[in-house]
There are 4 protein chains.
Amino acid sequence: MARYAASVKVRFSEIDRAGIVYYPRFFHYFHIAFEEFFEDRVGVPYHRLIDRDRVGFPTVHAECDYREPLEFGDVLRVGISVERIGRSSVVFLYRLSRSPRARPAAEARVTVVCVDMDTFRPIPVPARCRRAFLRHMEGK
Amino acid sequence: MARYAASVKVRFSEIDRAGIVYYPRFFHYFHIAFEEFFEDRVGVPYHRLIDRDRVGFPTVHAECDYREPLEFGDVLRVGISVERIGRSSVVFLYRLSRSPRARPAAEARVTVVCVDMDTFRPIPVPARCRRAFLRHMEGK
Amino acid sequence: MARYAASVKVRFSEIDRAGIVYYPRFFHYFHIAFEEFFEDRVGVPYHRLIDRDRVGFPTVHAECDYREPLEFGDVLRVGISVERIGRSSVVFLYRLSRSPRARPAAEARVTVVCVDMDTFRPIPVPARCRRAFLRHMEGK
Amino acid sequence: MARYAASVKVRFSEIDRAGIVYYPRFFHYFHIAFEEFFEDRVGVPYHRLIDRDRVGFPTVHAECDYREPLEFGDVLRVGISVERIGRSSVVFLYRLSRSPRARPAAEARVTVVCVDMDTFRPIPVPARCRRAFLRHMEGK
């Protein structure tokens, strides 16, 4: 199994009145890792997939376990792997850590469906994406 | 069972490159309903709970099923109810609809833990909050 | 001069590590007032102007004086008026107050240009918008 | 004059219904450059300045000229320099470009005041910050 992780900095504006990162923002960090994965491992920047190929991956299910609060100044390691691939759907796993060896501060599972951006109808995952996803299957 | 729903407008800036509301933002809409619930049904604005009483409800688990995309201009109805209350933890259910009678465009379950804001240690849910949560138990 | 103001609540997530509203977000509050103005005074929701009429008003200049910090829980009054209208450009003034009679916590001037959304080329301000803008000219 | 620029990627979620970066977000990009500047040139990460030294730089004035729209996928170069330093106030200039040699897509001037984070009262700019700011004075 190939491994991939993006590095994300927690910014001044990303915390809430409780002084920690606002919980919906974790999903934003996962999406940043998703965008970087396309650029680095699929070989097609996500904006090109959407704008030129008219292919997108809207989310149909998302879940996250929050184990530890994040703070302004944290430099996060956001690992991404693939749990399952169907014809159109893909299940991604995310593990977010505050330092390389720390146990995850959050773990998430996000299911997306590959769609034609003009109709929003499901289409088969393009071969190029499928190959990259398969290389990053969890546990392989 | 008492019912509660907040009204939330989708703003110009809240969509993504796919032209629909960015999926992490659904959790922001749920949090707005949560804030409004405190003001309208608990009788303590959430900012006062945090700033004056030093009590907060950080999220430990969140999950959402996305059934339908949302668009700029949508006026959402975000219903909130309580599925379970423990000593410190509470499970909230959210149902987000694009119009009063439409089936939910998204349904979510968010588990929070009541903490002392100075130590982030769990504390029992304050009586006032507990009473309001009990009145909004799902199915009662 | 007709007067218009939108009401905006400061949310839990909108403050920064300094505990006050993040300064770029003031411009977001101004844009919310701008969106509401279209719905209430122009008679065309902004999303319809963009999506159906393919007319938009991108910003070419923005400036803001910040006089007082804003806090989570504030209910803001965001006044909007028009300082100048050209063929394609419009200068809006915003005054943001924390309570009806308080002096503004922030004042801003935002210049927009009316464009064809398909080409991003300037076009004359549509008659319907112009009439509403003229009714809200500052000092008239 | 020492030069400094941060690199910032435009993300999937940062555009608006018009398909371009939402104009308030430019100020967020400037703030990212400001945060990076503290880490790289002042030698104190901004979060440490705030959390440990209880020193902050809230904004009292901000203005921006927008020359060109930004798109999802753009990799921005955000240059920062200092136009003027007073006892407590500092005027920063920002130039944001879509590629190294391109003319700026936006130019901004942001005035901040150095404050004691516990009282929000102005205090003299700390020596360490002042030295770094002086090294990056515009035109020197």
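Residues numbered from 1 in each chain as written. Chains lettered and ligands numbered in written order. Predicted model: local features only at pLDDT ≥ 70, side-chain atom pairs only at ≥ 80, totals over all residues. Heavy atoms only, no water.

> Describe the sheet that holds strand E4 (residues 75-85) of chain C, listing the residues and the values that go with them.
The antiparallel open sheet is built from 10 strands, whose spatial order is E1(C)-E4(C)-E5(C)-E6(C)-E3(C)-E3(D)-E6(D)-E5(D)-E4(D)-E1(D). Of all strands in the sheet, those with a lone pairing partner are strand E1 (4-9) of chain C together with strand E1 (4-9) of chain D, marking the two edges. The average angle at which neighbouring strand axes cross in this sheet is 20°, direction not considered. Two strands pair when backbone bridges link them, and strand E3 (residues 59-66) of chain D and strand E6 (residues 106-113) of chain D are joined in this way by 7 bridges, in the antiparallel orientation. Paired with Glu63 of chain D across the bridge in E6 of chain D is Arg109 of chain D. (Pairing = 2+ DSSP bridges. Helix = DSSP H or I, 4+ residues; strand = E, 2+ residues; numbered from the N terminus. Axes fitted to C-alpha atoms, helices over the stretch in contact; angles between N-to-C directions.)

> Which residues make up the environment of Ile15 of chain B, and what values do they have?
Examined against the element boundaries, Ile15 of chain B turns out to sit in the loop between strand E1 (4-9) and helix H1 (24-42). The class of Ile15 of chain B is buried, set by a relative accessible area of 1%. For the pair Ile15 of chain B and Pro126 of chain B, spaced 111 residues apart in sequence, the C-alpha to C-alpha distance is 37 Å. With sequence-adjacent residues up to four places away left out, Ile15 of chain B is seen in contact with Ile20, Val21, Tyr22 and Phe72 of chain B together with Ser13, Ile15, Asp16 and Arg17 of chain D. (Buried < 20%, exposed > 50% of the residue type's maximum accessible area, 1.4 Å probe, protein only. Contact = heavy atoms within 4.5 Å.)

> Any details on the interface of chain C and chain D? Residues and values, ideally.
At the junction of the two partners, chain C supplies 23 residues and chain D supplies 23 residues. Summed over both sides, the interface of chain C with chain D buries roughly 2200 Å², with 61% coming from carbon and sulfur. For the interface between chain C and chain D, the tally reads 2 salt bridges. A salt bridge links Arg17 of chain D to Asp51 of chain C; the nearest nitrogen and oxygen atoms lie 3.3 Å apart. Between the two partners, chain C and chain D, sit 12 residue pairs in polar contact (both at pLDDT 80 or more). Of all the secondary structure elements, the ones that give two or more residues to the side of chain C that touches chain D are helix H1 (24-42), helix H2 (46-51) and strand E3 (59-66) of chain C. For the side of chain C that touches chain D, the element with the highest residue contribution is E3 of chain C, accounting for 8 residues. Partitioning the side of chain C that touches chain D into residue classes produces 15 nonpolar, 4 polar and 4 charged. Of the pairings in the sheet, the one linking E3 of chain C to E3 of chain D comprises 5 bridges and is antiparallel in character. (Buried area = accessible area lost by both parts, 1.4 Å probe. Salt bridge = Lys/Arg side-chain N within 4 Å of Asp/Glu carboxyl O. Polar contact = N/O pair within 3.5 Å; in protein donor to acceptor, adjacent residues only side chain to side chain. Nonpolar A, V, L, I, M, F, W, Y, C, P; charged D, E, K, R; others polar.)

> Can you explain the relation of the copies chain D and chain A? Please cite residues and give values.
Structural alignment of chain D on chain A gives an RMSD of 0.0 Å, achieved by rotating through 180° and translating 0.0 Å along the axis. Viewed as a symmetry operation, the transformation between the two copies matches a two-fold axis. Minimal C-alpha distance to the rotation axis in chain D is attained by Val8 of chain D, lying at 5.8 Å. (Least-squares fit on C-alpha atoms with pLDDT ≥ 70 in both.)

> Describe the pattern of salt bridges, and please don't skip the residues or the numbers.
Following the criterion strictly, the structure yields 64 salt bridges over all chains and no others. Among the salt bridges present, the one from Glu36 of chain C reaches Arg11 of chain B, with a minimum N-O distance of 3.1 Å. In this pair, Glu36 of chain C sits in helix H1 while Arg11 of chain B sits in the loop between E1 and H1, so the two residues belong to two different chains. With a relative accessible area of 15%, Glu36 of chain C lands in the buried category. Here the salt bridges share partners, and the residues they tie into one network are Lys9 and Arg11 of chain A together with Glu35, Glu36 and Glu39 of chain D.

> Can you tell me about the interface of chain D and chain A, naming the residues and giving the values?
Listed by partner, the interface residues are 15 residues for chain D and 15 residues for chain A. With both chains or domains summed, chain D and chain A bury close to 1500 Å², and 55% of this area falls on carbon and sulfur atoms. Ranking the residues of chain D by area buried against chain A places Arg11, Phe12 and Phe72 of chain D at the top, with a combined share of 37%. On inspection of chain D and its partner chain A, the count reaches 8 salt bridges. Here Glu39 of chain A makes a salt bridge to Lys9 of chain D, at a shortest N to O gap of 3.8 Å. Summed over the shared surface of chain D and chain A, the result is 8 residue pairs in polar contact (both at pLDDT 80 or more). Elements supplying a minimum of two residues to the side of chain D that touches chain A: helix H1 (24-42) and helix H2 (46-51) of chain D. Among the elements that take part in the side of chain D that touches chain A, H1 of chain D stands out by supplying 6 residues, more than any other. Considering only residue class, the side of chain D that touches chain A consists of 5 nonpolar, 5 polar and 5 charged.

> Lay out the relation of the copies chain C and chain D in plain terms, naming residues and giving numbers.
Rotating chain C by 180° about the axis while translating it 0.0 Å along that axis superimposes it on chain D, leaving an RMSD of 0.0 Å. Both copies contact each other with a shared surface, as 100% of the interface residues of chain C are interface residues in chain D too.

> Kindly report on the side chain of Ser81 of chain A, identifying the contributing residues and their values.
Residue and element names in this part refer to chain A. Summarising the element assignment, Ser81 is placed in strand E4 (residues 75-85). A distance of 2.5 Å separates the side chain of Ser81 from the side chain of Glu138, its partner in a polar contact. Setting aside anything within four residues of it in sequence, one finds Ser81 in contact with Met1, Val91, Phe92, Leu93, Arg95, His136 and Glu138.

> Tell me about the pairing of E4 of chain A, and name the residues and values.
Residue and element names in this part refer to chain A. Both strand E1 (residues 4-9) and E4 contribute to a ladder of 6 bridges, which runs antiparallel. Residue pairing across strands places Tyr4 opposite Ile80, the latter belonging to E4. Where E4 and strand E5 (residues 89-97) come together, 8 bridges link them in antiparallel fashion. Counterpart to Ser81 in the pairing with E5 is Leu93.

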